[in-house]
Amino acid sequence: MTSPNGGAVRTAATVPHPGAGPAAARPLAIEAVDLVKTYQVKGGSEPVRALDGLSIGVEPGIVFGLLGPNGAGKSTTVKILTTLAAADSGRATVAGRDIAADPALVRRAIGVVAQRSGADPVATGRENLLLQGRLYGMRGAELGRRADELLDRFDLTDAAKRQVKTYSGGMQRRLDVALGLVHRPEVLFLDEPTTGLDPEARTAMWEEIGRLAGDDGLTILLTTHYLEEADRLAARLAIVDRGRIVTEGTPDDLKGELHGDAVHAELVAAPADDALAVYEALGRVPGIREITVDGRRVSARADDGAAAVPAVLAALDQAGSPVAAVTVARPSLDDVYLRYAGRSFADAEGGSR
Amino acid sequence: MSSTTLPAPAPAGACAATGGSRLVEGAAQTWYMTQRQFMAFARQPAYLVITLIQPVIWLFLFGALFRKVVELPGFGSGSYLDYLVPGVIVMSAVSANMWAGMGTLEEIERGTLNRFLITPVHRSALMNANVVAQSVTTAIQSLIIILLGWIGGADYPGGVLGLLILVLVSSALGTIFGAFSNALGMLVRQRESIIGINTFLLLPLTFLSSAFMPPALMPHWMQVVARFNPVNWALETGRAAMSAHPHWWSVLSHGGWTLLLAAFAVWLSLRTFRSYQKSV
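Residues numbered from 1 in each chain as written. Chains lettered and ligands numbered in written order. Predicted model: local features only at pLDDT ≥ 70, side-chain atom pairs only at ≥ 80, totals over all residues. Heavy atoms only, no water.

Peer 1: Is there a simple way to think about the pattern of salt bridges in this case?
Peer 2: Two side chains with opposite charge may pair up if their charged atoms get near one another. Using the criterion set out here, one finds 18 salt bridges over all chains in the structure. Among the salt bridges present, the one from Arg 139 of chain A reaches Glu 25 of chain B, with a minimum N-O distance of 3.4 Å. Here Arg 139 of chain A is found in the loop between helix 5 (125–135) and helix 6 (140–153), whereas its partner Glu 25 of chain B is found in helix 1 (residues 21–42) on a different chain. Accessibility expressed as a relative area gives 15% for Glu 25 of chain B, which makes it buried. Ionic contacts of the salt-bridge type, sharing partners, join the residues Asp 120 of chain A together with Arg 36, Glu 106, Glu 107 and Arg 110 of chain B into one network. (Salt bridge = Lys/Arg side-chain N within 4 Å of Asp/Glu carboxyl O. Helix = DSSP H or I, 4+ residues; strand = E, 2+ residues; numbered from the N terminus. Buried < 20%, exposed > 50% of the residue type's maximum accessible area, 1.4 Å probe, protein only.)

Peer 1: Looking at this model, I keep getting lost on the environment of Leu 221 of chain A. Mind explaining?
Peer 2: Residues and elements named next belong to chain A. Note on placement: Leu 221 falls in strand 8 (residues 219–224). In sequence terms Leu 221 and Arg 236 are 15 residues apart; their C-alpha atoms lie 9.9 Å from each other. Setting aside residues no more than four positions away along its own chain, Leu 221 makes contact with Ile 30, Ile 56, Val 58, Phe 64, Leu 66, Val 78, Leu 81, Leu 188, Phe 189 and Leu 190. (Contact = heavy atoms within 4.5 Å.)

Peer 1: Just checking my understanding: could you explain helix 12 (residues 305–318) of chain A for this structure?
Peer 2: In an α-helix there are 3.6 residues to a turn, and that puts residues three or four apart on one side. All names here are of chain A. For helix 12, spanning 14 residues, the distance from its first C-alpha to its last is 20 Å, which sits close to the expected 20 Å at 1.5 Å a residue. Largest kink in helix 12: about 25°, centred on Ala 311. Against strand 11 (261–267), helix 11 (276–283), strand 12 (288–294), strand 13 (297–302) and strand 14 (323–329) lie the buried residues of helix 12. Where helix 12 terminates, the next one or two residues include Gly 320, which has phi positive at roughly 80°. (Expected span 1.5 Å × (residues − 1). Bend = angle between axes of the 7 residues up to and from the residue.)

Peer 1: Got a minute to help me understand the nonpolar core in this structure?
Peer 2: The nonpolar side chains of a soluble globular protein tend to be buried with one another. Ile 30, Ile 56, Leu 81, Val 94, Phe 189 and Leu 221 of chain A together with Tyr 80 of chain B are the most contacted members of the largest nonpolar core, which totals 94 residues. With 10 residues, helix 3 (residues 80–97) of chain B is the single largest residue contributor to this core. In contact with Ile 56 of chain A, not counting residues within four places along its chain, are Ile 30, Glu 31, Ala 32, Phe 64, Leu 66, Leu 81, Leu 221, Ala 238 and Ile 245 of chain A. Formed by 35 residues, the second largest nonpolar core is a distinct cluster that contains Ala 160, Ala 178, Leu 190 and Ala 201 of chain A. (Core = buried A, V, L, I, M, F, W, Y, C linked by side-chain atoms within 4.5 Å.)

Peer 1: I would appreciate a short explanation of the packing of aromatic side chains in the present structure.
Peer 2: Any aromatic ring pair is given by two values, namely how distant the centres are and how the planes are angled relative to each other. As enumerated under the stated definition, the model contains 12 aromatic pairs over all chains in all. Considering the side-chain rings of Phe 41 of chain B and Tyr 47 of chain B, the 5.7 Å spacing of their centres and the 80° angle between planes classify their relative orientation as edge-to-face. Taken together, the ring pairs in this structure connect Trp 58, Phe 62, Phe 66, Phe 207 and Phe 212 of chain B into an aromatic cluster. Between the NZ or CZ atom of Arg 202 of chain A and the centre of the ring of Tyr 226 of chain A, over which it lies, the distance is 4.2 Å. (Phe/Tyr/Trp six-rings, centres within 6.5 Å; stacked < 30°, edge-to-face > 60°. Lys NZ or Arg CZ within 6 Å of the ring centre and 35° of its normal.)

Peer 1: Which parts of the structure should I look at to understand the sheet that holds strand 14 of chain A?
Peer 2: Residue and element names in this part refer to chain A. Here four strands make up an open sheet; going across it, the order is 12-13-11-14 and the pairing antiparallel. Here the strands that pair on one side only, and so sit at the sheet edges, are strand 12 and strand 14. Each neighbouring strand pair of the sheet contributes to a mean axis angle of 15°, computed without reference to strand direction. Relative to strand 13, strand 11 runs antiparallel, the two being bridged by six bridges. Looking at the pairing, Ala 265 lines up with Val 298 of strand 13. Packing of helix 11 onto the sheet brings it into contact with strand 12 and strand 13, and relative to strand 12 it is tilted by some 165°. On the sheet, helix 12 packs against strand 11, strand 12, strand 13 and strand 14 and is oriented at approximately 160° with respect to strand 14. (Pairing = 2+ DSSP bridges. Axes fitted to C-alpha atoms, helices over the stretch in contact; angles between N-to-C directions.)

Peer 1: Explain a nonpolar patch on the surface to me, please; I cannot follow it from the model alone.
Peer 2: On the surface, Val 49, Ile 50, Ile 53, Ile 57 and Leu 61 of chain B cluster together into a nonpolar patch covering about 480 Å² of accessible area. With respect to the helices and strands, Leu 61 of chain B occurs in helix 2 (residues 45–65). (Patch = residues over 30% accessible without salt bridge, like charges linked within 9 Å, V, L, I, M, F, W, Y side chains within 5 Å. Areas by Shrake-Rupley, 256 points an atom, 1.4 Å probe, with all protein chains shown as cover.)

Peer 1: Help me out: how do you make sense of the pairing of strand 2 (residues 48–58) of chain A in this one?
Peer 2: A regular strand carries its side chains on alternate faces of the sheet. Residues and elements named next belong to chain A. Within strand 2, eight of the 11 residues are buried, which leaves the element mostly enclosed by the surrounding structure. Where strand 1 (residues 30–39) meets strand 2, eight bridges bridge the pair, whose relative direction is antiparallel. Across the sheet, residue Val 36 finds its bridge partner in strand 2, namely Asp 52.

If you want it as structure tokens, here you go:
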């Protein structure tokens, strides 16, 4: 691979996205090139290859999702980019600083919300925030104000003086995010922020992450194994499988690449005879294929489902089969994953350990 | 496009420590981390009470039961309680600190250690805080036992200086076992190993020292083993300083060895700390 951007260039070539032109001129918030990391597992003779030439490029100011099943290499990537672990080979910069050459500068520029909480359970929420700030060199009234501001923002003011061990799972997670933000980082790493949360707390966390994304210039690297989470939060997405990026783009780009929204139409009445008229009428609509008629139900695939709907409605009307309801289903990230990783997400989750 | 050529923007919201202020910053961070440990200790008073139950049992039950051993020819001490106080202090210093690795293990599992490692905190501040917190709590524990002994009627002919040296040397011994325990916790990452090794070590180390019986009354092989036992070094230091006519040479030599080993243990725990970082 001769290109300095490694895999990022390769995927950018296959996944055109409108922002590619101007974005290339701005410095990347995170750039990783060909990261390799192997672990020697106790009792195992062969070292495990956690990262196998992983490359990503994250533009500043966006939420970038790293999606993959457990064991795909997401957490290893985060550990390397946050200076906790060293890569065997490859290089990376975070907020413009080289992780290997300037780990101290990288640490000052990043905030991290790891999978495991890390908050001190015996200390109160506020004490946790104050200590965290002091470790970044913050002091006095400025630090106190920042802690109170974060407690307020994450709805923890009432619990500020309670020991963290009395917090609910959702409250602890919110405190974790607050801890990652105390020193106003440029890049925030969220490593599976909603794993283990109940649905209500998960929705609340999603809203919070959505708000964070609007913060001035904050770049967020989000890892998740929830397809829904990646779809909902990430402006751009890279799918990781077996330590490599298998594809990258916006969630819509990735789904759009599958060439085919499903268009389902419910007819007012089942067509007469063998529905030949329906097949013929739809066959003449450009971009429509894989037509099936099953009683009142008509299904087809279209490159752009929404754009095809008016033509489909008109064609069916002309064929004497008016439509009662029509739905367009975009391909899910599960379909995307299946296509690029060559196995379904659920299978990868189950078989990755 | 290479991002390494870009000028690095100033770090957000935090002031970077420069040259001269590094030491001050490191000391401040050590203090903040130590403070955190003290606070945890203060918020769990039950823990303090539990750690004092054992010394009380040794001091008063064991002390009463073996009251008459002083009558053995060659024992050379007036009251067994007088003899027992340094023994119980040193034994408690070992038993309280040898569990330090469990706390470190919990911090690793909870993700707290990793959270600190991602911040710009000086790596040495994290370990120094452990050492400071352990020595201070050991010193407090030792003082309480001295007080309990005094209430029970023990005599301290060496006076305040003797007691001070005893407290210092027991803190140093506590540091040795605390640092080894931390190193073990980070290396093996298994509670079972720490529990196993501690249960295996505590009583033999105590019995192979002058904690309960003067070396003169021990079988010869025990006397030989005791000479290489750091628990015994600490006891020899304390007893030599606490007698009515202190043996300063013994204080210096045994105390010196204890401090040397403490320095080695701290160095070793820093090394394992670095190797932990590589294995995260």
